[in-house]
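A structural walkthrough
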Amino acid sequence: MSELTEFRAETRAWLDENCPPSMRTPMPDAERVWGGRGETFKNPESRLWLERMAGRGWTVPTWPETYGGGGLSADQAQVLREEMGRLKCRAPLSSFGIWMLGPVLLKYGTEAQKAEHLPRIARGEIRWCQGYSEPGAGSDLASLKTRCEDQGDHWLINGQKIWTSYANYADWIFCLVRTDTTVKHDGISFILFDMASEGVETRPITLISGASVFCETFFTDVKVPKDNLVGGLNRGWTIAKELLQHERGMIAEIGRTIGGTVPPVDVVAKQYLNDGSGRIADAALRDAVARHVMNDRAFGLTIRRAAQESEAGTASGGLSSMFKYYGTEQNKAKFELIMKCVGSSGLGWEGEGFSDQELEICRTWLRSKGNSIEGGTSEVQLNVMAKRVLGLPD
Amino acid sequence: MNLLLSEEEQILKHGAHEFFTAQLPVAAFRRLRDEIGDLGYDPGAWREMAEMGWAGVVLPEAYGGAGFGYKGLGQVLEEAGRTLAASPLFATALVGAPLVLAGGSDAIKSAFLPAVAAGERLLALALDEHPRFAPSRIASRAALEGDAYRLNGCKRFVLDGHVADQIIVAARTSGEIDDAAGITLFLVEAAAEGVLRTRTRMVDSRNAAQISFNDVIVGRDRILGQVDAGLELLEPVLDAATAGLAAEMLGCGAEAFERTLAYLKLRDQFGVKIGSFQALKHRAALMYCELELTRSAVLAALSAVDEGSAERAALTSLAKAKASEMLELVTNEAVQMHGGIGMTDAEEIGLFLKRARVAQQIFGDASYHRARYADLMGF
């Protein structure tokens, strides 16, 4: 215990000394650092912050030091999170490499693959995107058709992906491909390749929110080195599913942090519906706000209980299966409720007549609709709970 | 805040499970309803519960109590909820005893608490005067005449009111209806002159009473806490009891859900198990989410009571609101998913629906506690 206390003191001192002032303020989405060859660091202090954190391995605190990690125990990583929270430090790096690819590469990658990719992820040098969904393979992901053929000294990839987040900015892709057309789940492989390869084309898709974070991605005779397959031929589905678990945790978490400058529901409601007494004047909305924030509270307690179970080694896995579903539905409900509270002030698309916060509310409300679709729809999540947790028959 | 059960609490839960399934299963509750009638609880089982220390569960050892925390007690109540066990545990051990402990003089505590802990005396709280819970909506009056008070008023929904030996009555000693101040708690002999008790037969077949107090004379020495400050005494005790009630409701909901799930895996229609239908699967998964959220809220509320946390009131309202919402959903779905059989008196699932609605109303339903939560959070 005293060792951990010592670590906390050192960590606090180091963060206090090394976290630049602007990195202790709420992060506008535009200043989020995704890393990669094209990173421009809109705020120069974010580059410094990333370099310092990566230097200690603290962009990926629990990864082994050999791969650019901090080699911290779970307890130490928790201390680091708490101390960063205390100083309000921004995350130095947002990365699909950290959140999704890293954990499965650590488990399934060859030594050479780990040595090549993990340190670059940790330092934010390579930005990754995820090639999963296809036009004909959404919820039924395993019906994917992108072909990957063995050409002796290389793989040849042909097909199309869709909803590839930030594919137009990504340096590399981790991709599900079909290596056997005679079977479904057992004919899928997990492969990595450079987005600068010849035959790769990306087209951004404009969403209802006006943003274009997703792309259509086309592969035409893309040549990929033989060593880039991860986890063995036709063994990709296992990795795909495991990675989805990481992705769902990430979406539930990100769902709570997008629209980062929009205050909580009760604060917005009080701001727009104050009757002078400090209470929300509209009785029906007050009840709806109370219901919402109470569900938030109960959900937060459930996440904490799951973490305590997992620490104590008594987790059954049942609880975590509800996180993606509940977190995203709750985030959608939050923005619906905020839209009701702010009335016509939330209906501005751009320009004069609306505050920045009001414009952000409208755009984030629209963006939140995707939370319960991406990474496994709510309906798929309910199916998973019914089958795996409740044991209901197919 | 620790949301896991200690080894001791797990043992307690296990013991309670063994006891309730053996001594007070749902079948026993049905027998109580159909055959025994007058008492509304099983005195033999209550004696056994007292021997296990549950009657004095929140009392210190000096008064013969067991002195284990609310988180432990919550496990006993959850198991009681699973078998719909009817007993004086709630009205006497969770509400009455802590009120006497918190507000009684030494003489009163010594006179009553050891007998309560031994399971020999029963208590009841006479608070409600209106159909919806509103603790300051009190018109009953107690007027000081010399050295005693003259008590007049009508109370309703008094749990165990018809079998209690002593009734704790909230009456106005000053102020007007809806004033938070001016309410005083009196410990009144049930057998005192002018106390008229009418047993009300509730939909859950448990005991409650309407009680009128007609010029009942109560000594000043029978006041609990301070004159005019009854609500201050009540609030923390009601919170703790409400957290316990939410644990009972969690057990009731968990059992109704598990029985329904078992039925979905058993019942064949169209040549398949009905549990294979997506329309039912999704609703089952939604119930699972609500149950787990409720469990987290209940554990947090019980811990907050034990720790004397500043969040006690908010977390208690959270637990009662979530438990009420969850139980309404789960018991309605349970009857629906059992189909026609769920509508019959012979099938036990309907008993859970009946108990649920009564428990929801005790000490405030979901909308009451959402409003209280909003008050506490300042919006």
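Residues numbered from 1 in each chain as written. Chains lettered and ligands numbered in written order. Predicted model: local features only at pLDDT ≥ 70, side-chain atom pairs only at ≥ 80, totals over all residues.

Some points on the overall build of chain B
The helix and strand tally for chain B stands at 11 helices and 10 strands. Relative to the compact-globule value of 21 Å for 379 residues, chain B shows a C-alpha radius of gyration of 21 Å, a close match. Its C-alpha atoms put chain B at 80 × 50 × 40 Å along the principal axes. Relative to its full complement of 379 residues, chain B shows a buried share of 54%. Taking contacts inside chain B between residues at least 6 apart in sequence as the whole, the part at least 24 apart equals 75%. (Helix = DSSP H or I, 4+ residues; strand = E, 2+ residues; numbered from the N terminus. Rg over C-alpha atoms; globule rule 2.2 N^0.38 Å. Buried ≥ 20, exposed ≤ 12 C-beta atoms within 10 Å, placed from the backbone. Contact = placed C-beta atoms within 7 Å.)

Looking at the domain arrangement of chain A
Residues and elements named next belong to chain A. Examined at the domain level, chain A breaks down into domain 1 (2-94), domain 2 (128-235) and domain 3 (258-389). Computed over C-alpha atoms, the centres of domain 1 and domain 2 are 31 Å apart. The residue makeup of the side of domain 1 that touches domain 2, split by class, is one nonpolar, two polar and one charged. (Domains from an automatic or database assignment. Nonpolar A, V, L, I, M, F, W, Y, C, P; charged D, E, K, R; others polar.)

A word on the pairing of strand β4 (residues 172-178) of chain A
Residue and element names in this part refer to chain A. With seven of seven residues buried, β4 is to be regarded as a mostly interior element. Along β4, one buried face is formed by Trp172, Phe174, Leu176 and Arg178 and the opposite face, lined by Ile173, Cys175 and Val177, is buried too. Where strand β1 (residues 128-131) meets β4, four bridges bridge the pair, whose relative direction is parallel. Note that in β4 the partner of Gly131 across the bridge is Cys175. (Pairing = 2+ DSSP bridges.)

Regarding unusual backbone geometry
Even without glycine at this site, Asp221 of chain A takes up a positive phi of about 50°. Its location among the elements puts Asp221 of chain A in strand β7 (residues 214-225). Positive phi, close to 55°, is recorded for Phe270 of chain B, a residue that is not glycine. Along the polypeptide, Phe270 of chain B turns up in the loop between β9 (268-269) and β10 (272-273).

A look at the interface of chain B and chain A
With 32 residues of chain B at the contact, the number on the chain A side is 35 residues. When residues of the side of chain B that touches chain A are traced back to their parent elements, those giving at least two are α7 (230-266), α8 (278-307), α9 (312-338) and α11 (366-377) of chain B. In terms of residue count, the dominant contributor to the side of chain B that touches chain A is α8 of chain B (12 residues). Looking at the side of chain B that touches chain A residue by residue, the class counts come to 19 nonpolar, seven polar and six charged.

Some thoughts on the confidence of the model for chain B
For residues with low pLDDT, the predicted coordinates do not support detailed interpretation. On average, residues of chain B carry a pLDDT of 96, and 100% of them reach 70 or more. Per the prediction output, this complex has pTM 0.90; the corresponding ipTM is 0.96. (pLDDT = per-residue confidence, 0-100.)

Here's the deal with the environment of Ile338 of chain A
Residues and elements named next belong to chain A. Along the polypeptide, Ile338 turns up in helix α9 (residues 323-342). Judged by C-beta crowding, with 25 C-beta atoms within 10 Å, Ile338 ranks as buried. Sequence-wise, Ile338 and Phe190 are 148 residues apart; in three dimensions their C-alpha atoms are separated by 41 Å. In this structure Ile338 touches Val265, Val268, Gly346 and Ile361, once residues within four positions along its chain are discounted.

Considering α11 of chain B
Across its 12 residues, α11 of chain B extends 16 Å between first and last C-alpha, which sits within 8% of the 16 Å expected from 1.5 Å per residue. Along its buried surface, α11 of chain B packs onto α8 (283-312) of chain A together with α9 of chain B. Downstream of α11 of chain B by a residue or two, Gly378 of chain B has a phi angle that is positive, lying close to 80°. (Expected span 1.5 Å × (residues − 1).)

Considerations on the pairing of strand β6 (residues 195-201) of chain B
Residues and elements named next belong to chain B. In this sheet, strand β7 (residues 207-219) lies alongside β6 in antiparallel orientation, the contact comprising seven bridges. Looking across to β7, one finds that Leu196 is bridged to Ser212. Connecting β6 to the antiparallel partner β7 that follows it, the hairpin turn spans five residues, and Ser205 within it adopts a positive phi of roughly 65°.

Re the environment of Leu77 of chain B
Residues and elements named next belong to chain B. Structurally, Leu77 is set in helix α4 (residues 70-82). We classify Leu77 as buried; it has 30 C-beta atoms within 10 Å. Linking Leu77 and Leu113, residues 36 residues apart in sequence, is a C-alpha distance of 21 Å.

Concerning helix α5 (residues 89-103) of chain B
Taking 1.5 Å per residue, 15 residues should reach 21 Å; α5 of chain B reaches 20 Å between its end C-alpha atoms and fits that length. Burial within α5 of chain B is extensive, with 14 of its 15 residues counted as buried.

Topic: the nonpolar core
Nonpolar side chains tend toward joint burial in soluble globular proteins. Core analysis: the biggest nonpolar cluster contains 165 residues, and Phe186, Val298 and Ala301 of chain B have the highest contact counts within it. By residue number, the principal contributor to this core is α7 of chain B, which donates 19 residues. Residue contacts for Val298 of chain B: discarding those within four places in its chain leaves Gly74, Ala243, Ala246, Ala247, Leu250, Ala319 and Ala323 of chain B. Judged by nonpolar contacts, the second largest core, of 61 residues, contains Trp63, Val79, Cys129 and Leu192 of chain A. (Core = buried A, V, L, I, M, F, W, Y, C linked by C-beta atoms within 7 Å.)

With respect to the packing of helix α7 (residues 265-272) of chain A against α8 of chain A
Residue and element names in this part refer to chain A. In the contact formed by α7 and α8, the axes pass within 9 Å of each other and the chain directions differ by 160°. In terms of their interaxial angle, α7 and α8 are classed as roughly antiparallel. Pair α7 / α8 crosses with left-handed handedness. For the pair formed by α7 and α8, the contact residues are Val265, Asp266 and Ala269 on the first element and Leu285, Val289, His292 and Val293 on the second. Grouping the amino acids of the contact of α7 with α8 by side-chain chemistry returns five nonpolar, one polar and one charged. (Axes fitted to C-alpha atoms, helices over the stretch in contact; angles between N-to-C directions. Parallel < 35°, antiparallel > 145°, perpendicular 65-115°, else oblique. Left-handed = near helix turned anticlockwise from the far one by under 90°.)

Regarding the domain arrangement of chain B
You'll often see interface size given as the accessible area lost when the parts meet. Residues and elements named next belong to chain B. You can read the domains of chain B as domain 1 (7-117), domain 2 (123-228) and domain 3 (232-377). Each of domain 2 and domain 3 was reduced to a C-alpha centroid, and the two centroids are 30 Å apart. Of the residues lining the interface, nine residues belong to domain 2; the matching set on domain 3 comes to 10 residues. Split into classes, the residues belonging to the side of domain 2 that touches domain 3 amount to six nonpolar, one polar and two charged.

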